[in-house]
Amino acid sequence: MKFAIFTILFSLLSLLSSAQTVIISDLVTLEPLAGVVIECAGIEAITTNGKGQANLATFSKQSSINFHLTGYETSTYSYAQIVAMEYEVLLFQNTIFTDEVVVSASRFEEKKADIAQQVQVISKSDLRFMNQQTTADVLQQSGNVMVQKSQQGGGSPIVRGFEANKLLLVVDGVRLNNAIYRGGHLQNVITIDNSILDKAEIVFGPGSVVYGSDALGGVIHFYTRNPLFSSDDTLLFKGNAFVRTATANQEKTGHVDFNLGGRKLASLTSISYSDYDDLRTGDLRDPLYDSFGRRFFYVERIDGIDSIIKNANPNIQIGSAFKQYDLLQKFGFKTSDTKQHILNLQYSNSSDIPRYDRLSEGTIAEPEFSEWYYGPQKRFFSSYSFISTDSTKVADNFRAVLAFQDIEESRHNRTFGSSRRSNRYEHVKVFSLNADAQKKIGSHELRYGLEAALNDVSSTANRTHVETGEITFQNTRYPDGGSSMNTYAAYATDAWEVSDKLILNGGLRASYIHLESRIDTTNFSVDVVSGLDTVPYYFLNNRDIQQTNKAINGSFGFVFKPMFDWNIAGIIATGFRAPNVDDVGKLFEQVNGSILIPSSDLKPEKSLSLDVRVDKVINKMFDLQLTGFYNRIRDLIAIDSASLDNSYAFPSNAVLADVVTNVNKDKAYIYGISGQFDTHLTKNFSINTAVNYTYGRIVGDSADTPLDHIPPLFGRTGFNWQVREFRSEFFVMYHGWKRIQDYRLNAEDNELYATAEGSPAWYTLNVRGQYQINPYLQVQVACENLLNHHYRVFASGTSGAGRNLMVTLRSRF
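Residues numbered from 1 in each chain as written. Predicted model: local features only at pLDDT ≥ 70, side-chain atom pairs only at ≥ 80, totals over all residues. Heavy atoms only, no water.

### Brief notes about the overall build of the protein
At step 1: Secondary structure summary: the protein contains 7 helices and 54 strands in total.
At step 2: Taking 28 Å as the expected radius of gyration for a compact globule of 813 residues, we find that the protein reaches 28 Å, a close match to that expectation.
At step 3: Along the three orthogonal principal directions, the C-alpha set of the protein runs to about 110 × 60 × 55 Å.
At step 4: Each of the 813 residues in the protein was classed as buried or not, and the buried ones make up 56%.
At step 5: Restricting to contacts in the protein with at least 6 residues of sequence separation, those with at least 24 account for 67%. (Helix = DSSP H or I, 4+ residues; strand = E, 2+ residues; numbered from the N terminus. Rg over C-alpha atoms; globule rule 2.2 N^0.38 Å. Buried < 20%, exposed > 50% of the residue type's maximum accessible area, 1.4 Å probe, protein only. Contact = heavy atoms within 4.5 Å.)

### Observations concerning the nonpolar core
At step 1: Within the largest apolar cluster, 32 residues are counted, with the highest numbers of intra-cluster contacts made by Leu139, Val189, Ile220 and Phe222.
At step 2: A total of 4 residues in this core trace back to one element, the largest contributor, which is strand β16 (residues 197–204). (Core = buried A, V, L, I, M, F, W, Y, C linked by side-chain atoms within 4.5 Å.)

### Points about the pattern of salt bridges
At step 1: Following the criterion strictly, the structure yields 46 salt bridges and no others.
At step 2: We note a salt bridge from Glu110 to Arg447, for which the minimum N-O separation is 3.6 Å. Placement of Glu110 in strand β9 (residues 110–111) and of Arg447 in strand β32 (residues 444–465) is noted, with a sequence separation of 337 residues between them.
At step 3: Accessibility expressed as a relative area gives 4% for Arg447, which makes it buried.
At step 4: The salt bridge involving Asp233 is made with Arg263; its shortest N-O contact spans 2.9 Å. Of this pair, Asp233 sits in the loop between β17 (218–224) and β18 (236–246) while Arg263 sits in the loop between β19 (251–261) and β20 (265–276), and the two are 30 residues apart along the sequence.
At step 5: Assessed through its relative accessible area of 43%, Arg263 is described here as partly exposed. (Salt bridge = Lys/Arg side-chain N within 4 Å of Asp/Glu carboxyl O.)

### Remarks on the sheet that holds β17
At step 1: Strand order in the open sheet formed by 5 strands is β10-β16-β17-β14-β15, with mixed pairing between adjacent strands. The open sheet terminates on both sides in strands that have one partner only, identified here as β10 (119–123) and β15 (174–175).
At step 2: In this structure, strand β14 (residues 168–171) lies alongside β15, joined through 2 bridges in antiparallel fashion. Looking at β15, one finds that Val170 is bridged to Arg175. (Pairing = 2+ DSSP bridges.)

### A short note on empty space enclosed by the protein
At step 1: Enumeration according to the criterion identifies 14 cavities of 30 Å³ or more in this entry.
At step 2: Approximately 540 Å³ is the volume attributed to the largest cavity.
At step 3: Forming the boundary of the largest cavity are 30 residues, of which Asp137, Lys149, Tyr791, Gly800 and Ala801 lie nearest the centre.
At step 4: Looking at the lining of the largest cavity, the elements that each hand over two or more residues are α4 (135–140), β52 (762–774) and β54 (804–812).
At step 5: By residue number, the principal contributor to the lining of the largest cavity is β52, which donates 3 residues.
At step 6: As a volume, the second largest cavity reaches approximately 370 Å³.
At step 7: Taken together, 31 residues make up the lining of the second largest cavity; nearest its centre are Ala105, Gln117, Asn505, Ser555 and Ile571.
At step 8: Those elements that provide at least two residues to the lining of the second largest cavity are β16, α5 (208–211), β34 (483–497), β35 (502–519), β39 (566–577) and β42 (605–618).
At step 9: Looking at the lining of the second largest cavity, the element that brings in the most residues is α5, giving 4 residues.
At step 10: In the lining of the second largest cavity, the residues fall into 13 nonpolar, 13 polar and 5 charged. (1 Å grid on protein atoms, 1.4 Å probe; cavity = no way out; pocket = protein on both sides within 12 Å on 5 of 7 lines; lining within 4 Å. Points joined across faces, edges and corners; volume = space filled by probe spheres on them. Nonpolar A, V, L, I, M, F, W, Y, C, P; charged D, E, K, R; others polar.)

### Side note on the side chain of Arg182
At step 1: With respect to the helices and strands, Arg182 occurs in the loop between β15 and β16.
At step 2: With no salt bridge to any partner, buried Arg182 finds its closest opposite charge in Glu409, at an N-O distance of 5.1 Å.
At step 3: Sequence-distant contacts of Arg182, defined by excluding residues within four places in its chain, comprise Ala164, Asn165, Tyr374, Arg411, Arg477 and Asp582. (Lys, Arg positive; Asp, Glu negative; His and termini not counted.)

### Describing the sheet that holds strand β13 (residues 162–163)
At step 1: Strands sit in the order β11-β12-β13 across an open sheet of 3 strands; the sheet is antiparallel. A strand with exactly one partner marks an edge of an open sheet, and here the two such strands are β11 (146–148) and β13.
At step 2: Here strand β12 (residues 156–159) runs beside β13; their pairing, made up of 2 bridges, is antiparallel. Each bridged residue has a counterpart across the sheet, and for Val159 the counterpart in β13 is Phe162.

### Looking at the environment of Pro206
At step 1: Of note, Pro206 is situated in the loop between β16 and α5.
At step 2: Residue Pro206 is classed as buried on the basis of its relative accessible area, which comes to 9%.
At step 3: Taking the C-alpha atoms as reference points, Pro206 and Lys166, 40 residues apart in sequence, are found 9.6 Å from one another.
At step 4: Apart from the residues lying within four places of it in its own chain, the contact partners of Pro206 are Gln117, Ala215, Leu216, Thr574, Gly575, Ser607, Ser609 and Asn631.

Shown next as structure tokens:
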């Protein structure tokens, strides 16, 4: 009898406890929100678990309970209201007037409003709503980054006129830039799967104090999701999946990820696969440029002969299709509430990726190339992270990341009518270690750390006879004896909260970079006449290339908050980029008819920048942000004429040509302004706009000349509507004229792929929406480029998609 009474009482208590469990979810997606802080005066705050749940037993009869989560508007309800809502609380996103937290500017979490630099955060929910095919497309739609494309399977971000090896890419705290990142256009960003990103942060302006070399224009930091732990003894199982199709390139994409979490051990697995057909561009063109961007021909090899085929639909960019898959596996292990270990494994691989711009060169009567493609882009990434929030005498927060990356790239080309294909292969291994600490002492917040990165580069090459399969000699792209580039650095920064209205911050970084390359092969050959086999050009005696560079960088900034609705910030900083293997050791590449030879005397490129930002909130509804920037660059690496020393010799049948090499030749400056306007006119309706203007010139003796990589005026404006279970956006992407007189000719602006007047202005009208059918199923529909305009982003060799209907079905389990 006693046992029965006890059982009944226990059951009643369990039911009462269950009845007091609130579930907090996103208003639009109905996704449970973990980490929501629930607080009330006089009661200890609690947070929701991985399932968005929390027990409100201690909050019963309270009249004012606050629900707060960064990126969402704080909501307040009485306990009686929560009961009436059947213990379901919905929060809606509002990143404009919340204390958004960023990590990239200092490697530790801090409020965006306390950072002197301009920072943009693309959240996980925004990434899902944008629903883009590649990470390059995500950056383009941010409105503050322009993305150059040489082919559909690529994307080279441009930030404030800096691109490629002058812009630092980071994934989960580890730099992606390696010793062969070139100065032209880089397509590596598509190896990052945006389907598993937790967020992306864009830091504008030099980041050399915290991140070292290459961060002249800024840092783009991608954060993949971490495994979630269970808050109790039950296994936390969560998963997501989606399938997507798009009409402009007949996309077929599938993705699945799932999380298994216990109290101490958790696992996250992600798999993505995409298949893209040839991209169809828009047909609505300016009559003055009716032929611009049309693909009138392509080449196929038929019966052993390169044959020119007329394209039945010139709007189909034949030679742009590719496939890609991405894998991620993370394991998390907690040894205590303050110590965590994360093993992070990523692998990205693609099919061959045709170099569309090169395949479109020439005329229907005389094409330039029969084949030009990149081999599979293989990126293997592994890291072990240790994170501690134990407060000690030297640190309140500490994290160390030990990483290894293995990258394989190749390029293959054959001129029209030639019987031999040139094949060049690069293999880069990178070992790195980052150790970062944070310590708060009074009103000072100190951050300091050490970094080491060891690059090993091997380069091989051959020529293949396309009929017989015969393998013959081909000079390598980089020194065939191998190359290494090692970096060691230490940094320290301090954020001093002088008062509630003023924060001062500054920092220093010391870097040491050592590079070595060895050329073993002595006989080099060069294609001197298109379509013919190579002939001997130079003999080169064995040569070792060595150089050591040192750099000290500093920054000083302030954030001034004279009133609640004003935020004024400024920063002055130096940046640098150390010459890498691509700068120093590239072998006998043809540059506008000349031959490029190695250069071992290069110095780092250096910059001095100034940013000023003003942020004004009006009536708690409008947020207007203006940022002006100026960047002075010296020792800019550029190609110049050269002479040959006695290490070179010539065979009797050599056909001599002009010789060039990389030198620290130029001084340049870049300045511009960016504007950001955001407003929530109502709880459901918002508008956001981003506009960017950049101007860059090389300093000349008599007159300044255009600097390459400088984008025209560009931006984005969006109109958003969200209610329960539904979100929609109508947005405009726009791009001003880049006149030919503002191009740096025969450089990286690629005037060959523009009109005679330059890169035309364009805009696209776009609409998208998502509906949450139930807590587990969502449908997304978008139509991009509604008017079917033809457009091409500045410096690109491929045109953007025409009218593109995208349909996505998502599930949560």
